[in-house]
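Secondary and tertiary structure notes
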Amino acid sequence: MTFLTVNGLSSKYSSSKGPVYAVDDVDFELNDGESMGIAGESACGKSTLGLSLIRMLSGGTAEGKILFDGVSILDMTESKFDDEYRWKKISMVFQGAMNSLDPVFTVNEQFVEILKEHSFDGDSKKLISDAMNSVSLDESVLKKYPHELSGGMKQRVIIAMSLLLKPKFVIADEPTTALDVLIQAQIINLLKSLKKEGMSFMLITHDLAVLSEISDKIGIMYGGQMVEFGSSEQIYKNPKHPYTQGLLESIPTLKGNTPKYIKGTPPSLLDAPTQCRFIERCPLAIDKCKELPPKFKTETGYVRCWLYEDEK
Ligand SMILES: Nc1ncnc2c1ncn2[C@@H]1O[C@H](COP(=O)(O)OP(=O)(O)OP(=O)(O)O)[C@@H](O)[C@H]1O
């Protein structure tokens, strides 16, 4: 069963230079138990997509359709969304959040504070203990202050906080960035085991290699658009968009192949898209690319590239 349907999602910020088109006309679907990876270069709209889903765009607005278990969450009042959805059904691990744990409170005090904010009046000890267990942290950690924890432990605490109210869907924005590779692997394994228990993730990262482990589906973002969406198997084995191909070729391999890089820089998001966003950097660009490509259907999703027009 599909639990998340996103259709024509566009999110804008206002800035002194005019609107920033951070997410433009994004579509995707996720079924129960499925997880999704979002990859793309810096500033291509990945975090904005996640923030749109949890309705936490500061200084921004989102339009389009987001159906969560069949209910349109963009049409709902803020108080209904806050009471029933945010943190309870959909939660988010914010980018760099492990550095924002409050240094003067113990881990337990920070958990209790979250529950207070949600006016939780049930068995808070059990809820906190469940969250700690789900991230394999010993309960002795609850008495510690953030400075007494390693980076990996802090990140687990942050993930435990996002799981506290037992959400179905967790958006994890760069949860492994700034961690060493062994700790990165631990965090990915943790997400994998939570996924086995039925939780769905949206894992946002620059790093396509990290996604392969837990994503059933992958969305590749470029210049605010999801330029390709499909099953992770298809994206890895048969990437269609020249940007996806370039991104995959830029992953270093142990075989010693020199990783390629994509020349040039991404477009400014201050201009609304009128042509293919990748045209300036695309080795396969044709005249038609001066028109904005629609989403062409692929075996498992879609690609925004004129090269696939005839495969409609
Ligand atoms: N609050 C804001 N106000 C104005 N512009 C913003 C705001 N937040 C983000 N942006 C702009 O929106 C665009 C997309 O940013 P976003 O953080 O979503 O990208 P990202 O792909 O997550 O980047 P990174 O990988 O570096 O985290 C960028 O141009 C950014 O400068």
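Given the structure is predicted, the values throughout are model-derived calculations rather than measurements.

Moving on, we get to the site of the ligand. Contacts to the ligand come from 16 residues, most closely from S42, A43, K46, S47 and T48. For the ligand, whose free accessible area comes to 640 Å², the fraction covered by protein is 69%. Put simply, the parts of the chain that give the shell around the ligand at least two residues each are strand 2 (18-31) and helix 1 (46-53).

Moving on, we get to the confidence of the model for the chain. Averaged over the chain, the pLDDT score is 92; the fraction of residues at 70 or greater is 98%. The ipTM assigned to the predicted complex is 0.98, against a pTM of 0.94.

With that settled, the discussion passes to helix 3 (residues 107-117). Of all the positions in helix 3, only V107, Q110, F111 and L115 are classed as buried. Looking straight down helix 3, one finds that the buried residues subtend no more than 140 degrees of arc, so they occupy a single side. The exposed residues of helix 3 that point more than 90 degrees off its buried face are K116 and E117. Contacts from the buried residues of helix 3 go to helix 4 (124-134) and helix 5 (151-163). Phi turns positive, to about 50 degrees, at S119, one or two residues after helix 3.

What follows is about the sheet that holds strand 5 (residues 71-72). Across the sheet, four strands lie side by side as 2-1-4-5; this open sheet has antiparallel pairing. Both edges of this open sheet fall to strand 2 and strand 5, since each of them pairs with a single strand only. Sheet topology note: the strand 1 (residues 2-15)/strand 4 (residues 60-68) ladder contains eight bridges and is antiparallel. Residue pairing in the sheet places N7 in a bridge with K65 of strand 4. Strand contacts of helix 1: strand 1, strand 2 and strand 4, with the helix running at about 115 degrees to strand 1, the strand carrying the most contacts.

Together, L284, I286 and L307 make up a nonpolar patch on the protein surface, roughly 240 Å² of accessible area in all. For L307, the position within the fold is in the segment after strand 12 (302-303).

The residue T48 is located in helix 1 in this model. Sequence separation of T48 and Y13 is 35 residues, and the distance between their C-alpha atoms is 9.5 Å.

Right, let's get into the packing of helix 5 against helix 6 (residues 181-196). Their axes nearest at 10 Å, the elements helix 5 and helix 6 cross at an angle of 20 degrees. By the criterion of interaxial angle, the relationship of helix 5 to helix 6 is roughly parallel. Of the two elements, helix 5 crosses helix 6, and the hand of that crossing is right-handed. Contact residues: helix 5 offers G152, Q155, R156, I159 and L163, while helix 6 offers I183, Q186, I187, L190, L191 and L194. Split by residue class, the contact of helix 5 with helix 6 holds seven nonpolar, three polar and one charged.

What counts and how
- Residues numbered from 1 in each chain as written.
- Predicted model: local features only at pLDDT ≥ 70, side-chain atom pairs only at ≥ 80, totals over all residues.
- Heavy atoms only, no water.
- Near = heavy atom within 4 Å.
- Areas by Shrake-Rupley, 256 points an atom, 1.4 Å probe, with all protein chains shown as cover.
- Helix = DSSP H or I, 4+ residues; strand = E, 2+ residues; numbered from the N terminus.
- pLDDT = per-residue confidence, 0-100.
- Buried < 20%, exposed > 50% of the residue type's maximum accessible area, 1.4 Å probe, protein only.
- Arc of directions from axis to C-beta.
- Contact = heavy atoms within 4.5 Å.
- Pairing = 2+ DSSP bridges.
- Axes fitted to C-alpha atoms, helices over the stretch in contact; angles between N-to-C directions.
- Patch = residues over 30% accessible without salt bridge, like charges linked within 9 Å, V, L, I, M, F, W, Y side chains within 5 Å.
- Salt bridge = Lys/Arg side-chain N within 4 Å of Asp/Glu carboxyl O.
- Parallel < 35°, antiparallel > 145°, perpendicular 65-115°, else oblique.
- Left-handed = near helix turned anticlockwise from the far one by under 90°.
- Nonpolar A, V, L, I, M, F, W, Y, C, P; charged D, E, K, R; others polar.

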